[in-house]
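Next come the chains, spelled out residue by residue.
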Amino acid sequence: VVATTALDRTILAIDNMQAPEIEKTLEKFSGRVKFIKLGLEQYCRYGKKWVQELQDEHQFQLFLDLKFHDIPNTVARAIEGLEGLHVHLLTIHLTGGLEMIRAAQEACKKTLPQAKVLGVSFLTSLGEEDLHQIFHFEAKEIPQRFEALFTLAKQGGIGGVVCSPNEAQIAKKIAPHLITVCPGIRFLDEIATQKQDQKRTADPAWAISNGVDYLVIGRSLTQSERLEERLLELSSYT
Ligand code: C5P
């Protein structure tokens, strides 16, 4: 196994930016961060061809976070529609059910053989109250609900899951081969000063030692005034 640093496993999240700023950001991070996460926001605004051109120009590994959630056939056809894009990671909602998860995996294997399908568990924007309102979950059973969804990911044969750093170990317990991709990463100085809006956060060192394979980091890098320091910190963890 080749030892990789946390920086090698950092995915830069692009949010709230329009094309010119995205270009500038990609130039700034070129040769430093390998993975870029683009999502619904950019895909709806600029489309597939734009993503393709952006990738041709900037040569990054693409995490395309479209979070598909529909009937199995529709999700499979949507994934087939991504043919031609060099996608490395793509997302579906695990609450779409086992049949949908399997259909997504099948379609991905056929159309995007280099890509891994990741299952999103519960959106990090949902708190305990929301989970109760929507699914009637009691707070104490939430960990079990995560386990149930990660089990579906395992049964569906997909590559991994997206979850908060706090749930990465639950996923690894269910199946060590599931790769864990986690947003909600904050540097220690930000945690100390509460400069954050994510509900379930962890610092990079903690995340790496608690089963997180890929760190999804947005504003803490894109808007940082201490970027060099942060990149150095990330490259010091293996
Ligand atoms: O917060 P940050 O800028 O690091 O965002 C990185 C990613 O984390 C976003 O692209 C989004 O997918 C996710 N996020 C989240 N909950 C929030 C804010 C962002 O899950 N409250």
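Residues numbered from 1 in each chain as written. Predicted model: local features only at pLDDT ≥ 70, side-chain atom pairs only at ≥ 80, totals over all residues. Heavy atoms only, no water.

J.: Sorry if this is basic, but what is going on with the pairing of strand β7 (residues 179-182) here?
T.: Look at any regular strand and the pattern is simple: side chains alternate between the two faces of the sheet. Residue alternation in β7 divides its side chains into two sets, I179 and V181 and T180 and C182, and both sets are buried. As judged from the three bridges shared by strand β6 (residues 160-162) and β7, these two strands associate in the parallel manner. The partner of V161 across the bridge, within β7, is T180. Chirality of the crossover, the property in question, places the unit of β6, helix α7 (residues 168-174) and β7 among those that are right-handed. (Buried < 20%, exposed > 50% of the residue type's maximum accessible area, 1.4 Å probe, protein only. Helix = DSSP H or I, 4+ residues; strand = E, 2+ residues; numbered from the N terminus. Pairing = 2+ DSSP bridges. Right-handed = clockwise from strand over helix to strand, strands pointing away.)

J.: Explain the pattern of salt bridges here, please?
T.: Pairs can form between side chains of opposite charge once their charged atoms are near each other. With the rule as written, the count across this model stands at 14 salt bridges. One salt bridge connects D65 with K37, and the closest N-O pair in it is separated by 3.1 Å. One end of the pair, D65, is in strand β3 (residues 61-68); the other, K37, is in strand β2 (residues 35-39), and 28 residues separate them in sequence. You'll find D65 and K37 in the same group, each marked buried. (Salt bridge = Lys/Arg side-chain N within 4 Å of Asp/Glu carboxyl O.)

J.: How do you make sense of the packing of aromatic side chains when you look at a structure like this?
T.: The way to describe two aromatic rings as a pair is by their centre distance and the angle between their planes. Per the stated rule, a full pass over the model turns up seven aromatic pairs. Between F122 and F146, the aromatic rings sit 5.2 Å apart at their centres with planes inclined by 80°, giving edge-to-face as the arrangement. Of this pair, F122 sits in the loop between β5 (116-120) and α5 (128-135) while F146 is found in helix α6 (residues 142-156), placing the two residues 24 residues apart along the sequence. Taken as a pair, F122 and F146 share a single burial class, namely buried. A network of ring pairs unites the aromatic residues F122, F135, F137, F146 and F150 as a single cluster. (Phe/Tyr/Trp six-rings, centres within 6.5 Å; stacked < 30°, edge-to-face > 60°.)

J.: What is the right way to look at the site of the ligand in this model?
T.: Around the ligand, 11 residues are found, and the nearest of them are D15, T124, R186, G218 and R219. Take T124: an N or O atom from its side chain is 2.4 Å from an oxygen atom of the ligand. Contacts to the ligand include G218, whose backbone N or O atom sits 2.8 Å from an oxygen atom. Isolated, the ligand exposes 450 Å² of accessible area, and the fraction of that covered by the protein chains is 80%. Each residue belonging to the shell around the ligand can be placed in one class, and the counts come to three nonpolar, three polar and five charged. (Near = heavy atom within 4 Å. Polar contact = N/O pair within 3.5 Å; in protein donor to acceptor, adjacent residues only side chain to side chain. Areas by Shrake-Rupley, 256 points an atom, 1.4 Å probe, with all protein chains shown as cover. Nonpolar A, V, L, I, M, F, W, Y, C, P; charged D, E, K, R; others polar.)

J.: I'm lost on the side chain of S224 in this one. Help?
T.: One can find S224 in the loop between α10 (219-222) and α11 (227-236). Assessed through its relative accessible area of 14%, S224 is described here as buried. Among the polar contacts made by the side chain of S224, one reaches the side chain of R230 at a distance of 3.3 Å. Residues in contact with S224, not counting those within four places in the same chain, are R219 and R230. (Contact = heavy atoms within 4.5 Å.)

J.: What should I look at first to understand α6 in this one?
T.: Three or four residues apart is the spacing at which side chains of an α-helix point the same way, because the helix has 3.6 residues per turn. Across its 15 residues, α6 extends 21 Å between first and last C-alpha, which sits within 8% of the 21 Å expected from 1.5 Å per residue. If you follow the buried residues of α6, they end up packed against α4 (98-111), α5, β6 and α7. Immediately beyond the C-terminal end of α6, within one or two residues, lies G157, with a positive phi of roughly 75°. (Expected span 1.5 Å × (residues − 1).)

J.: Just to check I follow, could you spell out α11 for this structure?
T.: Taken together, the buried positions of α11 are occupied by L227, R230, L231 and L234. Buried residues of α11 fall within an arc of 100° about the axis and therefore sit on the same side. Relative to its buried face, α11 has exposed residues pointing more than 90 degrees away, namely E228 and L232. On its buried side, α11 packs onto β1 (10-13), α1 (19-29), α8 (188-193), α9 (204-209), β8 (214-217) and α10. (Arc of directions from axis to C-beta.)

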